[in-house]
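Chains, contacts and geometry: an overview
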Amino acid sequence: MTSQNTKTEMLSGAAMVIRALADEGVEYLYGYPGGAVLHIYDALFQQSKVKHVLVRHEQAATHMADAYARASGKAGVVLVTSGPGATNAVTGIATAYMDSIPMVVLTGQVMSHLIGEDAFQETDMLGISRPIVKHNMSVRRPEDIPYLIKKAFYIAQSGRPGPVVLDIPKDMTMPNERYPYQYPETIKLRSYNPTAAGHPGQIKKAVTALLKAKRPVIYAGGGVIMGQAAEELTELARKLNYPVTNTLMGLGAFPAADRQFVGMLGMHGSYEANMTMHHADVILAVGARFDDRVTNNTKKFCPDATIIHIDIDPASISKTINAHIPIVGLVKPVLSAMLAQLEQKKAQPDTQALATWWQQIDGWRTVHGGRYDSDTPVLKPQAVIEAVSRITKGEAYVTSDVGQHQMFAAQYYQFNKPNRWINSGGLGTMGFGLPAAMGVKLNYPDADVVCVTGEGSIQMNIQELSTCKQYGLGVKIINLNNGYLGMVKQWQDMNYESRYASSYMDSLPDFVKLAEAYGHVGIRVTKPEELEPALEKAFAHKDQLVFLDIHVDPKEHVYPMQVPGGAINEMFLSKTKRT
Amino acid sequence: MRHIISVLLENEPGSLARVVGLFAQRGYNIDSLTVAPTEDATMSRLTLVTHGNDQVIEQITKQLHKLIEVVKLQDLSESAHVERELMLIKVKATSNEQRDEVKRCADIFRGQIIDVTAKTFTIQVVGTSDKLDAFIEALKGSAIIEVVRSGVSGIARGEKTLAL
Ligand SMILES: Cc1cc2nc3c(=O)[nH]c(=O)nc-3n(C[C@H](O)[C@H](O)[C@H](O)COP(=O)(O)OP(=O)(O)OC[C@H]3O[C@@H](n4cnc5c(N)ncnc54)[C@H](O)[C@@H]3O)c2cc1C
Ligand SMILES: Cc1ncc(C[n+]2csc(CCOP(=O)(O)OP(=O)(O)O)c2C)c(N)n1
Ligand SMILES: [Mg+2]
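The structure presented is a predicted model; accordingly, all values stated were derived computationally and were not measured. Counting starts from 1 at the beginning of each chain's written sequence and moves along it residue by residue. To read the labels, note that chains go from A and ligands from 1, taken in the order they are written. Residue-level local features of this predicted model are given only where pLDDT is at least 70; pairs of side-chain atoms are given and counted only at 80 or more, and the full residue set underlies all totals for whole chains, interfaces and linings. Water and hydrogen atoms were dropped before computing side-chain values, which therefore reflect all heavy atoms in the structure.

1. Looking at the site of ligand 1
Residue and element names in this part refer to chain A. Every one of the 35 residues lining ligand 1 counts as a neighbour, but T247, H268, R289, D311 and S316 are closest to it. As used in this structure description, the phrase polar contact means that two N or O atoms lie within 3.5 Å; if the pair is within protein, one of them must be able to donate a hydrogen and the other to accept it, and residues adjacent in sequence are counted only when both atoms belong to side chains. Contact between ligand 1 and G222: an oxygen atom at 2.8 Å from a main-chain N or O atom of the residue. The contact in question runs from an oxygen atom of ligand 1 to an N or O atom on the backbone of G425, over 3.0 Å. In this description, accessible areas are obtained by the Shrake-Rupley approach with a 1.4 Å probe, and a residue is regarded as covered only by the protein chains that are shown. Here ligand 1 has 990 Å² of accessible area as a free molecule, and 96% of this is covered by the chains. Every element with two or more residues in the shell around ligand 1 is listed here: α9 (222-226), α12 (292-295) and α16 (404-412). Considering only residue class, the shell around ligand 1 consists of 13 nonpolar, 16 polar and 6 charged. Here a residue counts as near a molecule or strand whenever at least one of its heavy atoms sits within 4 Å of it. Only DSSP runs of H or I covering at least 4 residues are called helices, and only runs of E covering at least 2 are called strands; the numbering of each starts at the N terminus. Three classes are used: nonpolar for Ala, Val, Leu, Ile, Met, Phe, Trp, Tyr, Cys and Pro, charged for Asp, Glu, Lys and Arg, and polar for all others, with Gly counted as polar.

Okay, structure coming up:
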C-alpha cells in the first residue's frame, strides 16, 4: 500500500457496529439493552442516523425486523443483549428462518475470556441458533467488525434469504480502543456464491413443456414475493392465460381479483385451487417448496403432472416431490428469460385445450367458492375479513397471528399486491402479528396496517401495545375473538369428539379497557350491524392505534380442509360435506 | 447404500459443528467422520461415510452445499476412488500358542505389531473398512481388549480432484 488515507477514521468496536449499520443504509434497529451491549447502546446514543426502537420483549424486536423485511425485501436488524436477551430472540429467528426472511441479529456476548466459564448471562448463542439460521458468526477481533457486518448482510440477503446471527463479545466493543474503520463495498466468498440465472437449456425445456400443456397450472410461493418477481409472474401468467394458485406465503404474487386466480392451495386452500392442481398435466412451481401443508399425502400428489420447479435453493427441489424439469436460479431472471423465449417462439398455448380446462375450473368454482353460512345473527369471522378487505380496497398491509383467523384472513382478504400479506407460515408463530404490524407501520407510516389476530395469539405479545404508544404506531388490530384457541378447538371437534382439552380461555381481559389503559382506542363489536360503522371509525383514526375486539361465532370452522392422508383434492367442505 | 462424501471446509471455529449439527438435525446417518487441515491450513478436508437411499443422499449433498463454510464437495462413491481406514487393536496374548496365532493373523492382513507386553499385542492395520471388519472377525477367537478406528479417508482415483 502506498499512502494510508490520512482520513482513515479510528473508531471503537461499538462505534463501528453502528457506523457499519448506517453505511449499510439501516434506518431502524429493533432491540433491548443489557450489560453485554451497553457500549453499543452508548455508541447508538451518540449519533442520529440509526434509530433504535425499544420493544417490551426481544421476541417483538425480531418480528418487527422480520416484518420490515417481508414488506421491503431488505434485511431487518435486531440488537439484543447476551443470555436472556438472546434466548428471547430465538422464536423470532426461527420464524424468519422457516419463511426464508433476511434478518441480521446482533447478540451481545460476555467478554471473550469469560466464554465457557458459565459467566453471568452467558449462553452459547452460536450453538443455540445454529439450526435456525442461514449462518452465524462471532467477532474475534474488533477490527473485523465492518467486514463481518457486511458479510452478515450479504449472506442474509442473497441467494435463499435467511437470518444471520452475529455474536459480539463485550470486549470487542470497548469504547477506548480504536481501530481503523472502513466499510467494505462488496464481499466475495470462495465458499458461497449462489447462482442467479437459471440454466438456459432447462429454461428452454420448461417453456416447451409449458406450451404443450393441456391442463396447466402455475403454483407460486413466497420466493416470488421475496424475489420481487410478482410483475414477471403476472405477465407470464397473463400471456399464457394459465390458472394461478398461490401458497399461503405467495398471496399477492398474483392479483387475487384476477379471473385467472383460483385462490390459495393446500390444507385450507380453495376447492378449485386444489382440484386444478390435482388434475393438472403441467405444474409450474415458482419459488414454492411443496410443503406438507400443500401436498397432503405426497404419494397421491398430482399423479398426472410434469413438474417444472424454479427455486434458488437446490435443496428445495425434489425434496418432497420429484421435479421433472428443475431450474435452479432466482425467480426474477428465470421468469424474464422464460418471457423472452415465449416472445421469440411465437408459439401459442393450446387454446382449445385451455378453453376446456377453464370450463372445468369454472365448474369447480361453483362447488364451494368460499361460501360460508352468512345469514346468522352471530357475526362470522369471514364477514369481518371481507369487510376489512372492502374498506381498505385490498391495499392494506395485513399482518396476522396464527390460527383460524389467519386462515380466514388468507382466504377472504383480496391481496392484489405483493409484500402486503405478512404472516408466519413455516413456524406458525402465535405472537407474530402485533409486532409485525408495528414493524410495517413504522416503516410505512402512511399505509393502512391491519393486524388480524385472535384472543389467544394477541396475548402472546400484548405488552407491545406500550411500544406502539411510545412510537405512535397507529396499527388497526382486528381481534377475531371467538373465546377459544379456535384452530385447536377445530381439530378437537374433528378428531377428538369435541373434547376441548385446554382450548377454552376463561378470564379473558376486557380488551377495550386494556387498549385504553395503554393509551389507545378500543372498540367492541358484538353484532353484525355494528361491524361496518366500527371499521369506518377505526380507519378514520389515521394515526391512532385502534383495538377492535370483535366477538365472532365461536363454533365456526375453517373450510375447505384437506382430509388427513388424502390426496390434495380430498377435502372437507363444511361440517357435513366432503369431497 | 453406503456413500463416502468428501468435503472441503473453511477451517473456521464452529464449521465442523455445523456439519455434524446438520446430520443430527435432519436425521441423517454418520457412520464415520474424519477431519483435518489440508496443505492449505485455511481449509479442512473431511471424509464422511453415510448411508441412505438416493433421495436422502441427494438431500445430504445439497444441504451440505448450503452450509456457508462448505467450499466444495464430492460423492466419492460415484466414481473410482481409494478409501483407507486405520485401526489400532489391542488383544490379549498370553500363551505362546495365542501369540503365534495373533501374529499369523496380523501377517495375513498386513498388520504391524506396534506394541508388545507380556500379556498384550497392539496391532495396526490399514485398509478398507471391510478389511478392518474382517480382521476383527478373524481375531474374535482371541480376546480383543480395545479397538480404535480412524474412520474412512478417501480420494478419487486418477485425474479427478477435490481442490480449489
Ligand atoms: C395454521 C396454518 C395453516 C397453513 N395452511 C396452509 C395452506 O393451506 N396452504 C399453504 O400454502 N400453506 C399453508 N401454511 C403454510 C405452510 O406451512 C408453509 O409455510 C407454506 O406452504 C410454504 O410456502 P411456500 O411453498 O411458498 O414456501 P416459502 O416458505 O415461502 O419458501 C420459498 C421458497 O422459494 C425459494 N426462494 C426464495 N427466494 C427465492 C428467489 N428469489 N428465487 C427463487 N427461489 C426463491 C426458497 O428457496 C423456498 O424454497 C399454513 C401454515 C399455518 C401456520
Ligand atoms: C407459540 C405457539 N403456541 C402454540 C401454537 C399452536 N396453535 C396453533 S393455532 C392455536 C390457537 C390460536 O388461538 P387464537 O389466537 O385465539 O386464534 P383462533 O384460532 O381462535 O382464531 C394454537 C394454540 C402455535 N401455533 N404457536
Ligand atoms: Mg380464538
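From this point, things continue past the structure.
2. Things to note about the pairing of strand β18 (residues 476-481) of chain A
Residue and element names in this part refer to chain A. Partly exposed residues are those whose accessible area sits between 20% and 50% of the maximum for their type, while under 20% is buried and over 50% is exposed, using a 1.4 Å probe and protein chains only. The element β18 is largely enclosed, with a buried count of 6 among its 6 residues. Every second residue of β18 is oriented toward a common face, with K476, I478 and L480 on one face and I477, N479 and N481 on the other, all of them buried. A clockwise course of the path from the first strand over the helix to the second, judged with the strands pointing away from the viewer, identifies a crossover as right-handed. In this view, the connection linking strand β17 (residues 449-454) to its parallel neighbour β18 by way of helix α18 (residues 465-471) has right-handed handedness. Should DSSP find at least two bridges between two strands, the strands are taken to pair. Here 6 bridges tie β18 to strand β20 (residues 546-551), and the two strands are oriented parallel to one another. For I478, the partnering residue across the bridge sits in β20 and is L548.

3. Looking at the packing of helix α15 (residues 381-391) of chain A against helix α21 (residues 528-540) of chain A
Between two packed helices, what matters for the description is the angle formed by their axes and the separation of those axes. Residue and element names in this part refer to chain A. α21 packs onto α15 with a crossing angle of 45° between their chain directions and a minimal axis gap of 11 Å. Classified by the angle between their axes, α15 and α21 sit oblique to one another. Crossing geometry of α15 relative to α21 is assigned as right-handed. Between α15 and α21, the contacting residues are A383, V384, A387, V388, R390 and I391 on the first element and L531, E532, L535, E536 and F539 on the second. An axis is simply a line fitted to the C-alpha atoms; with a helix, the fit covers only the stretch in contact. Between two such axes, the angle follows the N-to-C directions and lies from 0 to 180 degrees. In this scheme, roughly parallel covers angles under 35 degrees and roughly antiparallel covers those over 145, while 65 to 115 is roughly perpendicular and the rest are oblique. Note on convention: near helix rotated counterclockwise from far helix by under a right angle means a left-handed crossing. Clockwise means right-handed. When checking whether two residues touch, look at their non-hydrogen atoms; a contact exists if any pair is within 4.5 Å.

4. Observations regarding the sheet that holds strand β7 (residues 163-169) of chain A
Residue and element names in this part refer to chain A. Taken in spatial order, the 6 strands of this open sheet run β3-β2-β4-β5-β7-β6, and their pairing is parallel. Looking at the sheet topology across the chains shown, the edges are occupied by β3 (51-54) and β6 (135-138). This sheet shows a mean twist of 20° between the axes of neighbouring strands, independent of strand direction.

Taken by themselves, the reported measurements are silent on function.
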